Amino acid sequence: MNATSRLLGGAALISLVTTVVLGLGLPPTVEQGQYVKFIAIHPPLAWAAYLSFGVTAVASILYLVPRTRHRRWDHIAGASAEVGVVFTALTLVTGSIWGRPTWGVWWVWDARLTLTALMLFLFLGYLALRRVAGDPDTRARRSAVAAILAVLVVPIDHFAVQWWRTLHQGQSLTMTPQKNLDGNYIAVMLLGFLAMTLVYAWLTLQRYWVEELEDEVGDQGLQNALAERRAEAGAGAGVR
Amino acid sequence: MLRDAALVAGKDLRIEARSRVASNQVAPFAVLVLLLFAFALDPDRGVLARTAPGLFWVAVLFSGLLAVQRSFSLESADNARDGLRLSGLDPAGIFLGKAGAIVVQMLALEVILAGFVTLMYGRHLHGPAILIITCVAATAGMAASGTLYGVLAAGLRVRETLLPLLLLPVVAPVLLAATRASESALDGAGSEAWPWVRLLGVFAVIYVTFGILAFGPLLEEA
Amino acid sequence: MLRDAALVAGKDLRIEARSRVASNQVAPFAVLVLLLFAFALDPDRGVLARTAPGLFWVAVLFSGLLAVQRSFSLESADNARDGLRLSGLDPAGIFLGKAGAIVVQMLALEVILAGFVTLMYGRHLHGPAILIITCVAATAGMAASGTLYGVLAAGLRVRETLLPLLLLPVVAPVLLAATRASESALDGAGSEAWPWVRLLGVFAVIYVTFGILAFGPLLEEA
Amino acid sequence: MNPNSPDAAVHLRAAVALLGRFPALAGVDLDVAPGEIVLLQGANGAGKTSLLRVCAGLLPVTSGEAVVLGHDLRRNRRGLRRRVGLLGHATFLYDDLTVEDSVTFAVRAAGRPVSTVAPALAKLGLDGRLRTVHVGRLSTGQRRRVAVAVVLARQPDLWLLDEPHAGLDANARDLVDDLVREAAGRGAAVLLASHEIERATGLADRILVMAGGQVHAPQPEAREPVSAS
Amino acid sequence: MNPNSPDAAVHLRAAVALLGRFPALAGVDLDVAPGEIVLLQGANGAGKTSLLRVCAGLLPVTSGEAVVLGHDLRRNRRGLRRRVGLLGHATFLYDDLTVEDSVTFAVRAAGRPVSTVAPALAKLGLDGRLRTVHVGRLSTGQRRRVAVAVVLARQPDLWLLDEPHAGLDANARDLVDDLVREAAGRGAAVLLASHEIERATGLADRILVMAGGQVHAPQPEAREPVSAS
Ligand code: HEM
Ligand SMILES: Nc1ncnc2c1ncn2[C@@H]1O[C@H](COP(=O)(O)OP(=O)(O)OP(=O)(O)O)[C@@H](O)[C@H]1O
Ligand SMILES: Nc1ncnc2c1ncn2[C@@H]1O[C@H](COP(=O)(O)OP(=O)(O)OP(=O)(O)O)[C@@H](O)[C@H]1O
Ligand SMILES: [Mg+2]
Ligand SMILES: [Mg+2]
């Protein structure tokens, strides 16, 4: 377990560092100037956010299907969503910072931007729902359904650039020959994707293990609780 | 399933017929929201006229929210979930029934609202066909998702505050699509409207099917 | 009276501290409302920037509504009225206490909202002094009227739907005044702002005094 | 009849049920045979309501066996619903429906013939002025009567009664006892939680005492715990 | 002591009270002296709860005299509140407060010293694990116990108990009886509605029977009306 974690963490760190270094090394472009360097970090962040919510949704489905139902899936869904919210927030931040010089504004009501913001709120709501106290199973079902409904925004956000004329960049990873971006940028961006995926995996794993630990503590606690509960019988009886 | 749906819808509508909440409270509220925007935005008619469809849909959205709130507050208060589960009704039936009742009430409401919009913001109605389809599709989508999240939050003491938070982002795309669709329709540009209408249709279908499937697990059957 | 007010406010804030409804649900909701309007109005920035203050206040209004809803939904469900009356608390104290708790929560919320507005609608803040005074006065007014109507609707099964209907028209003027005040302030035209601020002040004073006087009768009126 | 037989109406073994993290049921063994009237006694917080909710399939068991009317609760609970009747602390009624409509709705929901409604209302003295009064306007006891009428009219195979006498007046209580006996006579199983020791004792075939989330054989002093938990 | 004396705790003459259009009280004459324990019996819907709510100043009288603890209810009801304790069908508690906080709040609200809280909790067996549990998580009976603790800790001069035994377990019931006797011993007046005929009869100094919104002298058959209204 720890080995996996250390390995993953190391890989994540290395790839992230190289991405940043290479990213900073990218030559400025005509229309973007230095700011093009964001391409090393911003799209990967967004991708990581998608990934997190995708995982959350899949785990949720697995929980809802009676045959595969297991607390594990609920924990993964929760952990992944928490990480995803962070990535989404970072996407918005980096995006805004990038937007300031390139578009001249921090924010525009462009389909993708808005949908991304919406994505953030959908999963904030999801986390709010998770935080409502109550029987674990009930809570898990509730949040699972909410997650599956919420994840619908991801594909919409992804294809937004095609469906609506947006100020935001279109897909740079299309089969069609690249116009505005040459290979280097794409390459660095792809490396970024790898790095962020590793970072995501590492973070989620940490959160997941915490949950599992809490659960084991919970199981321990359950044993004690059961003992206490049973003891109530004796304690109650006999007095006066 | 459909039998149960009819039973539930009938029950909800009967209760509405007596308590008159939708007609005496939700409908006026919707109109109020419209008025509020007249305050919020400069009463410079240019803006208002241009944004009339958006405002219409925002008003529908908020009053739809109330309709959903009501639909679940009439389920016997704190024990809503237990009550529904004990009833022995087919969950899918409950879902369709409650959603159906909401749709009926909201469509009626939209007619009223539309009247006010044309009046206040001096927008004239073109392309009624598209508009009607838009309304039906959008309403179905809202009602379906609303019912889903409604039962999600049902029985929680924080329902009143949690429901809006959960529901608004989900229906926001509906709001957007409906707005764009009606705008194009009003501008007589039907061709531009259709993609949005189609989107609305997709939403509605997704939410309804999902509701039918998910309602059972939500009520902890299965 | 003040003793009771402190007692009640303390109780409400303690419950909030535990249930975290305001922070986990109402605050995100408020920001959401802002987003929704961005959908509703054309994403043409001219409109948005010009109407930013109005939208800010509409968002405050709706989330304030939720805050009031919550403040009375935590009064033991159906018997809210009886409970409050039996408590033996001075009605004026209850009023001030609940209103106070709401003010605290809403001011915090407005700070957050203001941040978002400046960010999203690219409005920069001028005349902070006036803005702060505006917020305080407007919030006091809303909270006071909200608490008043809250107790009117308390214990009714239709509270969730009735309250918005009752409350919105009353606070609409506050909305208007606050919007104008902040607009002028943002345009750096403080002189134009003051009359509106004064108006808000008057509102607040009226509602608060009226509340202190009327809360008793309202509570008693069986 | 041997309560351990597979056709037992209720069959629990080491059943654990959680409310939040709290084990409301801490390993319950219980068998109720069709036609049997079993009384649950126990201090406040002992777990009676939780046990009844488990049997109604409202509260999931996290470990142990739980079979009710042939349905394994770990797998599917829904099929069960139409065959059990729960009279809980809360009456699951709609304030804005009249007494008659409420019962009719409940019966329809269970897919039963509505012909049972009128007699049930008559039995509980709800056929007079009250038939058309809206449930929200009833007095506590009248409301409880409607809840009883619902269970009666649904004719369940398993009656789960959580303090069925609470709020009822003297002769409504006798009435409930008669109804329970009739139901048992018709072969329905009855699981009943009550603090009305004398009355309930007279009614029951078998008495069990709950304490600390477990079911015990009745011990005299177990009846009188001083603490509320 | 002569119950008609001006210092009677409760003094009603031809009191009429309406719920909506319905005369829940149709002309009630009632006197309760300090230190007296009066039991109200009557069928469901007879008007017991309504009568208690009138005495607590929650339900206005539309005609007739009504003086409670020296306050004329036609004029001001508020002054009364801190001196009466009502244990109703509903417990007026906040689900999100702990047991201890709930009682403390209620006591502070009545302007009483909080020193009475701890003993009250101890008396009702709420001083153990339950002291810090949030009221929303309690079992029905535990919740009722908290409500009793509130009344006890507020030490009212007039105890209005609406089915105080409902939901309580065997020894909590005995406990309540003791508390009532003590209170009466300290000179508090107690007006008590209950369907637990034997138990309540043993407790009361005087028994009244309500029917059709009126108070009668007890007649054997008045105890056993067949209808619920
Ligand atoms: C707050 C502002 C922004 C937000 C919320 C945002 C959001 C996103 C999201 C969600 C994606 C993932 C798209 C997908 O793969 O489906 C993305 C990708 C991308 N963004 Fe942004 N973005 C913002 C600003 C910007 C700016 C200012 C630029 C540059 C001018 C930019 C350039 C890109 C590029 C090149 C991609 C990769 C496109 C692709 O390969 O699909 N973004 N952004
Ligand atoms: N979230 C929780 N945290 C701690 N304890 C809890 C929680 N939820 C429930 N409980 C405890 O679980 C028990 C519930 O028991 P249950 O309602 O079945 O009691 P009961 O036997 O029906 O009591 P009564 O006779 O009062 O109805 C109570 O002791 C309650 O305090
Ligand atoms: N709006 C209304 N319309 C018709 N009847 C009503 C209305 N409101 C109340 N009632 C009747 O008023 C009476 C209320 O009586 P109350 O609650 O005092 O009875 P109770 O003696 O406490 O009965 P219980 O023993 O069941 O508690 C009931 O008969 C009820 O049906
Ligand atoms: Mg119980
Ligand atoms: Mg009563």
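Conventions used here
Residues numbered from 1 in each chain as written. Chains lettered and ligands numbered in written order. Predicted model: local features only at pLDDT ≥ 70, side-chain atom pairs only at ≥ 80, totals over all residues. Heavy atoms only, no water. Helix = DSSP H or I, 4+ residues; strand = E, 2+ residues; numbered from the N terminus. Buried < 20%, exposed > 50% of the residue type's maximum accessible area, 1.4 Å probe, protein only. Contact = heavy atoms within 4.5 Å. Areas by Shrake-Rupley, 256 points an atom, 1.4 Å probe, with all protein chains shown as cover. Near = heavy atom within 4 Å. Polar contact = N/O pair within 3.5 Å; in protein donor to acceptor, adjacent residues only side chain to side chain. Nonpolar A, V, L, I, M, F, W, Y, C, P; charged D, E, K, R; others polar. Donors = N, O, S within 2.8 Å, 3.2 Å for Na, K, Ca; no water. Pairing = 2+ DSSP bridges. Axes fitted to C-alpha atoms, helices over the stretch in contact; angles between N-to-C directions. Parallel < 35°, antiparallel > 145°, perpendicular 65-115°, else oblique. Left-handed = near helix turned anticlockwise from the far one by under 90°. Buried area = accessible area lost by both parts, 1.4 Å probe. Salt bridge = Lys/Arg side-chain N within 4 Å of Asp/Glu carboxyl O. pLDDT = per-residue confidence, 0-100. Expected span 1.5 Å × (residues − 1).

Draft legend 1. Expanded view of the overall build of chain A. Check the secondary structure of chain A and you find 7 helices and 0 strands. Traced from its N-terminal end to its C-terminal end, chain A shows the element sequence α-α-α-α-α-α-α. Looking at chain A as a whole, 52% of its 240 residues qualify as buried. Within chain A, counting contacts between residues at least 6 apart in sequence, those at least 24 apart form 75% of the total. When the accessible surface of chain A is totalled, it reaches about 11,200 Å², and 69% of it is carbon and sulfur.

Draft legend 2. Representation of the site of ligand 3 in the model. Ligand 3 sits among 18 residues. The nearest are S139 and G141 of chain D together with K48, T49 and S50 of chain E. The site occupied by ligand 3 is bordered by residues of chains D and E. Take R137 of chain D: an N or O atom from its side chain is 3.1 Å from a nitrogen atom of ligand 3. Measuring from an oxygen atom of ligand 3, one finds a side-chain N or O atom of T49 of chain E at 2.6 Å. Starting from 640 Å² of accessible surface for ligand 3 in isolation, the protein chains cover 91%. Only helix 5 (140-154) of chain D together with helix 1 (48-55) of chain E provide two or more residues apiece to the shell around ligand 3. By residue class, the composition of the shell around ligand 3 is 3 nonpolar, 11 polar and 4 charged.

Draft legend 3. Molecular detail of the coordination of the magnesium ion (ligand 4). All names here are of chain D. Here the magnesium ion (ligand 4) is held by the protein donor atoms T49 (OG1) and H89 (NE2), which lie 1.8 to 2.3 Å from it. Linking T49 in helix 1 (residues 48-55) with H89 in the loop between strand 6 (84-87) and helix 3 (99-109), this pair joins segments that are 40 residues apart in sequence. A relative accessible area of 27% places T49 in the partly exposed class. Looking at H89, the relative accessible area reads 29%, which means it is partly exposed.

Draft legend 4. Broad picture of the sheet that holds strand 9 (residues 206-211) of chain E. Residue and element names in this part refer to chain E. Judged by pairing direction, the sheet is mixed, and its 6 strands sit side by side in the order 6-7-8-3-9-10 without closing on themselves. On the outer flanks of this sheet lie strand 6 (84-87) and strand 10 (214-216), each paired with one strand and no other. Taking the axes of each pair of neighbouring strands and ignoring which way they run, one obtains an average angle of 20° across the sheet. Two elements, strand 6 and strand 7 (residues 158-162), share 4 bridges in a ladder whose sense is parallel. Looking at strand 7, one finds that V84 is bridged to L158.

Draft legend 5. Main features of the packing of helix 5 (residues 136-150) of chain A against helix 6 (residues 128-153) of chain B. Closest axis-to-axis distance for the helix 5 of chain A/helix 6 of chain B pair is 10 Å, and the angle between their directions is 155°. As judged from the angle between their axes, helix 5 of chain A and helix 6 of chain B are roughly antiparallel. Of the two possible hands of crossing, helix 5 of chain A and helix 6 of chain B adopt the one that is left-handed. For the pair formed by helix 5 of chain A and helix 6 of chain B, the contact residues are R142, V145, A146, L149 and A150 of chain A on the first element and L148, Y149 and L152 of chain B on the second. In terms of residue class, the contact of helix 5 of chain A with helix 6 of chain B is built from 7 nonpolar, no polar and 1 charged.

Draft legend 6. Expanded view of the sheet that holds strand 5 (residues 71-72) of chain E. Residues and elements named next belong to chain E. Within the open sheet, the 4 strands sit side by side as 2-1-4-5. Their pairing is antiparallel. At either margin of the open sheet sits one strand with a lone partner, and together these are strand 2 (22-32) and strand 5. Across 2 bridges, strand 4 (residues 63-68) lies against strand 5 in antiparallel orientation. Considered in strand 5, the bridge of V68 is made with H71.

Draft legend 7. Expanded view of the packing of helix 6 of chain B against helix 8 (residues 190-218) of chain B. Residue and element names in this part refer to chain B. Orientation of helix 6 relative to helix 8, taken along the N-to-C sense of each, is 25°, at an axis distance of 8 Å. Taken together, the axes of helix 6 and helix 8 lie roughly parallel to each other. Considering the relative orientation of helix 6 and helix 8, their crossing is left-handed. Among the residues forming the contact of helix 6 with helix 8, the class breakdown is 20 nonpolar, 7 polar and no charged.

Draft legend 8. Structural detail: the interface of chain B and chain D. Of the residues lining the interface, 28 residues belong to chain B; the matching set on chain D comes to 28 residues. Taken together, the two surfaces of chain B and chain D that pack against each other cover about 2,400 Å², and 54% of this comes from carbon and sulfur. Taken together, the links from chain B to chain D amount to 5 salt bridges. Among the ionic pairs, R14 of chain B bridges to D101 of chain D, the shortest N-O distance being 3.0 Å. Where chain B packs against chain D, one counts 13 residue pairs in polar contact (both at pLDDT 80 or more). For the side of chain B that touches chain D, the secondary-structure elements that each account for two or more residues are helix 1 (2-19) and helix 4 (80-86) of chain B. Among the elements that take part in the side of chain B that touches chain D, helix 1 of chain B stands out by supplying 9 residues, more than any other. A class-by-class count of the residues in the side of chain B that touches chain D yields 9 nonpolar, 7 polar and 12 charged.

Draft legend 9. Geometry of the confidence of the model for chain B. Looking at chain B, pLDDT values average 84 and 88% of them are 70 or higher. Across the interfaces of the predicted complex, the ipTM metric reaches 0.86, alongside a pTM of 0.88.

Draft legend 10. Seen up close, the environment of M210 of chain E. Residues and elements named next belong to chain E. With respect to the secondary-structure elements, M210 resides in strand 9. For the pair M210 and G79, spaced 131 residues apart in the sequence, the C-alpha separation amounts to 28 Å. Sequence-distant contacts of M210, that is, excluding residues within four places in its chain, are made with L25, V28, L40, Q41, G42, A43, A46, G47, K48, L51 and V215.

Draft legend 11. Here's a closer look at the pairing of strand 4 of chain E. Judged from the 5 bridges that link them, strand 1 (residues 10-19) of chain E and strand 4 of chain E form a sheet pairing that is antiparallel. Opposite L12 of chain E, over in strand 4 of chain E, you have A66 of chain E as the bridge partner.

Draft legend 12. Structural detail: helix 1 (residues 2-19) of chain C. Residue and element names in this part refer to chain C. Along its 18 residues, helix 1 runs 25 Å from first to last C-alpha, staying within 8% of the 26 Å computed at 1.5 Å per residue. Taken together, the buried positions of helix 1 are occupied by D4, A5, L7, V8, A9, K11, D12, I15 and E16. Taken from the residues just after helix 1, R20 is the one with a positive phi, measuring 55°.

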